[in-house]
Every structure is written in C-alpha cells, then in structure tokens.
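Summary of the model geometry
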Amino acid sequence: MQIVILDGYCVNPGDVDWSPLKAFGTVSVYDRTHPDMVAQRLRGAQIAFVNKVRLNRDVLFGARQLKYIGVLATGYDVVDLAAARERGITVTNVPAYGTEAVAQHTIALLLALCQHVEHHAALVQKGAWTAQPDFSWFEIAPVLLHGKTFGVLGCGRIGSRVAKIADALGMRVIGTNPTERAGFPGKYVPLETLLKESDVISLHCPAKADTVGLFRKETIEKMKDGAILLNTARGSLVSETDVRDALQSGKLGGYGADVVSEEPIRLRNPLLGAPNCLITSHYAWTPKPMRQRIIDVSAENLAAYLSGRPINVVS
C-alpha cells in the first residue's frame, strides 16, 4: 500500500516517530509540497496524509487511486469534502489532541500581557534593578487578574479548559456558545453581555460565516475600555486593522494571538508594531506529546478504516 505524507515537517521535524504509520505500507514523507507538486506526489497513492496542503476538487478527481485522506490536525477545511464524497474518499481528522497545550498557551499569552515577566527579567539582566535604591522595583505595574471577568467565546473542549484555568486564578468566568455544554465552569451569557462585562475575552470558536470578522470596530467598541483580547483559534475571527487601531487608541488594553489572517505572517500585517500586542507563530499545539499524539491517532484512524469500521470520519 502506497502512503504519502504531503507536509510532515510541522508535525514531525525529526523529534517524533512516523513508525505507527509505516506499519501499514510504504510511506513517502515530504516536509512540504508546493501546490504545483500535489497531483504528482499523489499519483498511485491509495492513502494520503495532509496538515495544511489543500486538496481541491481537481486534485481529488485526478488522484484516481486515492481512497483515504487523513488530516494531521483537527481542522479539515483544507480538503474539499464535497468532492471527496463524490469520489468515495473517506476523510478523517484528529480531534482534541491539543486541548491542554492550546489552553496553556492561551493563559501564557494572558500572563505575558499582564505580568510583563520577560520585560522585567531582561531589564534585570541589563542592570536596571542594580541601579535602583529600593528592594522592589518595576517599570510596568502588573495587572491583578483575581476578581476580574474572563469571557470565553466558544465553550468547547479548549474554551472550557481555558475557563477552568481562569477560574483557578480567581476570575469570574462567563461564556457564549451556540448551545450550553456540560463541564463549562462559568455562566452562559449572550454575546452582548460577554462584550460588556468581560475584562478579558478569549476566542475559541471555528471560522464560520457568522464568526469571520466578528471582532471588528463595531464589536470592539462594545467591550470594556482597556479589555484584553486573546485569539488562539483563527486569525480571520478579527479585523486586524481594527484591532491595531483599538490598541493604538487604548480601547483595547492588549491583544495576544497565536494566529493571524495570513500565515506565515506577512510584513504588511497591521498588527506588527502595534502597542501591547503579542503574536506567536501558531505553535501553541506543538509540544512533543501533542505531535506524537497526532501520529498515533492517525494510525488508529487508518487501522479502523482498513478494518471497515472507520472512526473520526468527517466525510
């Protein structure tokens, strides 16, 4: 059986193990695949795994031997599912592999914006504290989170996990979700209430017609003055120009994100250079155990498909 991994580098730059997948056949692993090379590399393959390589209608109808696609991620919008169904190609994903990691990163962004640890640690190394007459010194006062309101938009696995950490910090937790889900450690409220009452809003919803561009000027104006916005979901949920303007005016007290609208980030991105803005390089999901879990679950998905009892099927 011929198995192709079209863009394996981000999942495995060499520190985790592909062998669970190699047990099923001959595996060709490509670090990256340019769109022009996708059709060629799929030629003759029965099984394909992708992370961010797009498999459009033309590609799927051209890959005549292809029977199965495993997405090495939770999101599966890189695959034209309608075309896959027409072709009879089974598509699976890896749900919930990175809940703990993304939740940890979300709170790390919040603490970085509020505590300024790295800023002060760098000043200490440069001798700034040594030059002070007092035992305690700071350049930027930290923000106390205890007693403040933490709002979650999207109360699924990750949103609920983040909410539990915020609750442990002594924050009041509220959330907005299409349906009320068990296990969320706060009060469900309408979006208007979430905007009005939250000192921090954390985004954990998918990019859909009703959420893309949701946080724009009109929405941000309904938030508390000086509120912090966190985004470890999708860059397209916010208008980056409007977020920059709100940071510059002080309407937003901070923006912490692990995602942007176009990745890798472009030099023209309006958030570059914005005040009180922390952007990391979409790596919240990448602790080694999470990436090995992606491979292990992908192997379980493939084994289930080959046994005639597929799991984690999205199409």
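In short, a report on the structure.

Another point: the packing of aromatic side chains. Summed over the entire model, instances satisfying the criterion amount to four aromatic pairs. Relative to Y188, the ring of F184 has its centre 5.1 Å away and its plane inclined at 35°; by these criteria the two rings are tilted. Both residues of the pair, F184 and Y188, count as buried. Aromatic ring contacts, followed pair by pair, group F49, Y68 and Y305 into a single cluster. R32 extends its terminal NZ or CZ atom over the ring of Y9, reaching a point 4.5 Å from the ring centre. For the cation-ring pair, R41 lies above Y30, with the distance from its terminal atom to the ring centre recorded as 4.0 Å.

What follows covers unusual backbone geometry. For residues besides glycine, phi is generally negative; the peptide bonds are generally trans as well. Residues E263 and P264 are joined by a peptide bond in cis, for which omega reads -5°. Mapped onto the fold, P264 is located in the loop between β11 (252-257) and β12 (277-279). One non-glycine residue with positive phi stands out, namely H116, at about 60°. Residue position: H116 is located in the loop between α5 (99-115) and α6 (117-125).

The next subject is the sheet that holds strand β3 (residues 47-50). Backbone hydrogen bonds hold the strands of a sheet together, and the pairing may be parallel or antiparallel. Reading across the sheet, the five strands line up as β2-β1-β3-β4-β5 and stay open at both edges, with parallel pairing between neighbours. At either end of the open sheet lies a strand with only one pairing partner, and these are β2 (26-29) and β5 (90-92). Going across the sheet, the axis of each strand differs from the next one's by a mean of 15°, ignoring polarity. Both strand β4 (residues 68-71) and β5 contribute to a ladder of three bridges, which runs parallel. In the sheet register, Y68 faces β5, and the bridge partner there is T90.

Thresholds applied
- Residues numbered from 1 in each chain as written.
- Predicted model: local features only at pLDDT ≥ 70, side-chain atom pairs only at ≥ 80, totals over all residues.
- Heavy atoms only, no water.
- Phe/Tyr/Trp six-rings, centres within 6.5 Å; stacked < 30°, edge-to-face > 60°.
- Buried < 20%, exposed > 50% of the residue type's maximum accessible area, 1.4 Å probe, protein only.
- Lys NZ or Arg CZ within 6 Å of the ring centre and 35° of its normal.
- Helix = DSSP H or I, 4+ residues; strand = E, 2+ residues; numbered from the N terminus.
- Pairing = 2+ DSSP bridges.
- Axes fitted to C-alpha atoms, helices over the stretch in contact; angles between N-to-C directions.

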